[in-house]
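What follows is the residue order along each chain.
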Amino acid sequence: MVWEYWNTRNLQQALEEVDESLLDDLEEIIPPLRGEAFNPTELSNRSNLVEILAAFAPSDYFKKKEKMRQCLEYLPPKKLRSFIRFLAERGVSAELGSFEEMVASVLRQQWSNNRFSSAFVEFFDLPSHFISPEAEKLPSYIDIEPLSPENGPIIAKPLKNLIDYQTQVYVDANKALEIPRSRFIIQMPTGSGKTRTSMEIIANHLKKAPPGSVVVWLAHSSELCEQAYQCFIEVWQYLADKPLKAVRCWGSHPAPQSFEKSMFIVGGFQKIHSILRKDEHAFDMLSGRIGLIVVDEAHKAVAPTYKAAIQHLTGMNTHVVGLTATPGRTEIEETEEMAEFFFEAKVNIKTDSGVSEIEMLKQRKVLAQIDYIPIQSPLNIELTTSQKRSLEKTFDFPKGFLNTVASSNLRNVEIMKKLLLSCQEGRRILFFACNVKHSRFITSLLTYFGIKAAHVDGSTAKHRREHVIEGFRNGDLQVLCNYGVLTTGFDAPNTDEVFIARPTNSVVLYSQMIGRGLRGTTIGGTERCRI
């Protein structure tokens with residue numbers, strides 16, 4: 001590895017720069033995890049310190065020029081010369097010369113250049129999380145034409161027919177849309193095909209509507225937006241009876257233009273709000289054409305900024321439909337406000353057998369059976385007065401409490417014991433942490449123990465987040481750790497363990513977290529899921 005030429009003191013200093021308490025934490029955590037196999041010299045041995053630094057250094061470590069310079073200047077001239085030749089073989093231009101000239105040549109490279117970062121990681125045998133993934137530039141819109149011998153499907157996936165309970169929701173929703181300017185909620189449990197069913201409803205609406213009609217789908221995260229965008233294309237490409245533009249309006253994508261043909265616009269709430277803040281008339285040219293607005297995560301609709309965005313987009317003949325996986329919120333006032341906003345109308349799955357819809361879906365293996373295992377640790381925390389007030393006000397544990405839980409090495413030992421055992425069993429694990437630092441820490445511990453793991457949070461660059469999530473979906477990663485980003489808009493059917501290390505008092509948040517692992521065998525998931 002690139003640090004193998006450093007002395008012990010340099011390595012310890014580098015680890016202190018990553019986290020000043022890291023080595024102290026590891027001295028408490030590693031011995032009980034190793035058990036009788038623990039070697040007292042493990043945390044002071046130079047080669048082990050190299051492995052620890054490789055596991056715990058952040059992914060952007062080499063992006064910082066001073067870190068890169070430090071690593072290069074410790075290399076023997078022969079090793080640096082070999083690296084520059086290796087770069088040339090990989091199509092990266094770097095110059096041979098004196099030692100100083102070679103260092104300067106490498107430092108001129110940009111870490112964001114995927115070819116360079118990939119070559120660096122390969123040559124020095126570093127974990128793949130250091131590689132800077134290539135950012136994919138997605139078009140702001142695409143044209144979808146009806147299928148013909150000259151015009152094939154855009155996404156090479158066959159159209160799957162709706163399951164009977166989905167068809168029932170589809171029929172009931174279409175009846176509700178026959179009422180002028182109707183509003184209602186579609187409530188379907190996570191994993192039952194809520195997005196897929198909704199796209200079929202939207203397709204039917206567009207087919208009935210005149211050319212030039214517009215449907216707007218609103219969501220609060222880029223993952224939810226892209227998931228909806230792709231799902232619509234998969235459905236509409238087979239059902240299309242007229243030309244249509246599918247438009248992205250979130251993140252860096254611009255405000256949508258007023259195209260003459262029919263449009264399906266996926267908008268991020270923050271993006272829509274930002275556009276309207278600059279120009280409150282930005283969507284006036286479209287509002288008269290918008291026949292349907294669909295709000296993913298319906299409870300978001302009553303937040304002031306989201307509500308204002310919906311009102312700006314709503315025309316004289318606009319239907320508004322909210323989607324939710326949970327029938328209500330824990331906060332009574334918000335439940336009532338949401339019900340009022342959607343005219344107290346709801347479409348949901350009906351069962352004839354007297355069992356709940358959840359139980360029916362489990363019986364049919366649409367949802368996986370759940371095995372619950374508690375995390376037990378000798379941790380006793382007394383909430384402060386302010387934390388108690390926060391709990392009473394927000395109905396969930398405050399950040400200060402979660403930070404205290406995250407910093408408990410006793411609890412982290414128990415977490416790691418369970419994770420390592422599950423990894424030995426070959427499970428695919430989605431891990432929810434107490435905070436960002438906790439997620440990164442557990443990821444690094446897993447990496448040090450030889451587990452393929454990665455971390456994402458709200459600050460993770462979009463292209464890196466997409467790269468990591470795809471790695472988990474395709475099996476390159478065994479554990480995906482996160483804080484605050486994968487409760488919705490994330491789908492990996494082969495997840496067979498959801499590890500909730502974050503205490504919560506919120507029924508909605510808890511159901512969203514366990515929902516990531518509920519896909520049953522009927523829809524390509526697993527028979528059982530461990531929580």
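Everything discussed here concerns the structure shown above.
Here is what the cut-offs are and how they apply
Residues numbered from 1 in each chain as written. Predicted model: local features only at pLDDT ≥ 70, side-chain atom pairs only at ≥ 80, totals over all residues. Heavy atoms only, no water. Helix = DSSP H or I, 4+ residues; strand = E, 2+ residues; numbered from the N terminus. Rg over C-alpha atoms; globule rule 2.2 N^0.38 Å. Buried < 20%, exposed > 50% of the residue type's maximum accessible area, 1.4 Å probe, protein only. Contact = heavy atoms within 4.5 Å. Areas by Shrake-Rupley, 256 points an atom, 1.4 Å probe, with all protein chains shown as cover. Lys, Arg positive; Asp, Glu negative; His and termini not counted. Charge placed at Lys NZ, Arg CZ, Asp CG, Glu CD. Polar contact = N/O pair within 3.5 Å; in protein donor to acceptor, adjacent residues only side chain to side chain. Pairing = 2+ DSSP bridges. Axes fitted to C-alpha atoms, helices over the stretch in contact; angles between N-to-C directions.

Colleague: Summarise the overall build of the chain; cite the residues concerned and give the values.
Modeller: Across its full length, the chain carries 21 helices and 14 strands. Expected size for 531 residues packed as a compact globule is a radius of gyration near 24 Å; at 26 Å, the chain falls within 12% of this value. Dimensions of the chain along its principal axes, counting C-alpha atoms only, are 75 × 55 × 45 Å. The proportion of buried residues among the 531 residues of the chain is 53%. Long-range pairs, those at least 24 residues apart, make up 73% of the contacts in the chain with a sequence separation of at least 6. When the accessible area of the chain is evaluated, it comes to approximately 24700 Å², of which 49% is carbon and sulfur surface. A gap of 2 Å separates the mean positions of the 62 positive and 64 negative side-chain charges of the chain.

Colleague: Can you lay out the side chain of His-319 for me, pointing to particular residues and giving the numbers?
Modeller: Take His-319: it is sitting in strand E7 (residues 319–324). Residue class for His-319 comes out buried when judged on its relative accessible area of 9%. Side-chain polar atoms of His-319 contact the backbone oxygen of Leu-177, separated by 3.4 Å. What His-319 contacts, discounting residues up to four positions off in sequence, is Leu-177, Ile-179, Pro-180, Arg-181, Ser-182, His-205, Gly-291, Leu-292 and Ile-293.

Colleague: Got a sec to walk through the sheet that holds E7? Specific residues and values, please.
Modeller: Pairing is mixed across the open sheet formed by 8 strands, whose spatial order is E1-E4-E5-E3-E6-E7-E2-E8. Among the strands making up the open sheet, the edge pair consists of strand E1 (141–144) and strand E8 (346–348). Strand-to-strand twist in this sheet, taken as the mean axis angle between neighbours without regard to direction, amounts to 20 degrees. In this sheet, strand E4 (residues 244–249) lies alongside E1 in antiparallel orientation, the contact comprising 4 bridges. Directly across from Ile-144, in E4, lies its bridge partner Leu-244. Running at roughly 160 degrees to E8, helix H8 (residues 164–176) makes contact with strand E2 (183–187) and E8 of the sheet.

None of this, on its own, says anything about what the molecule does.
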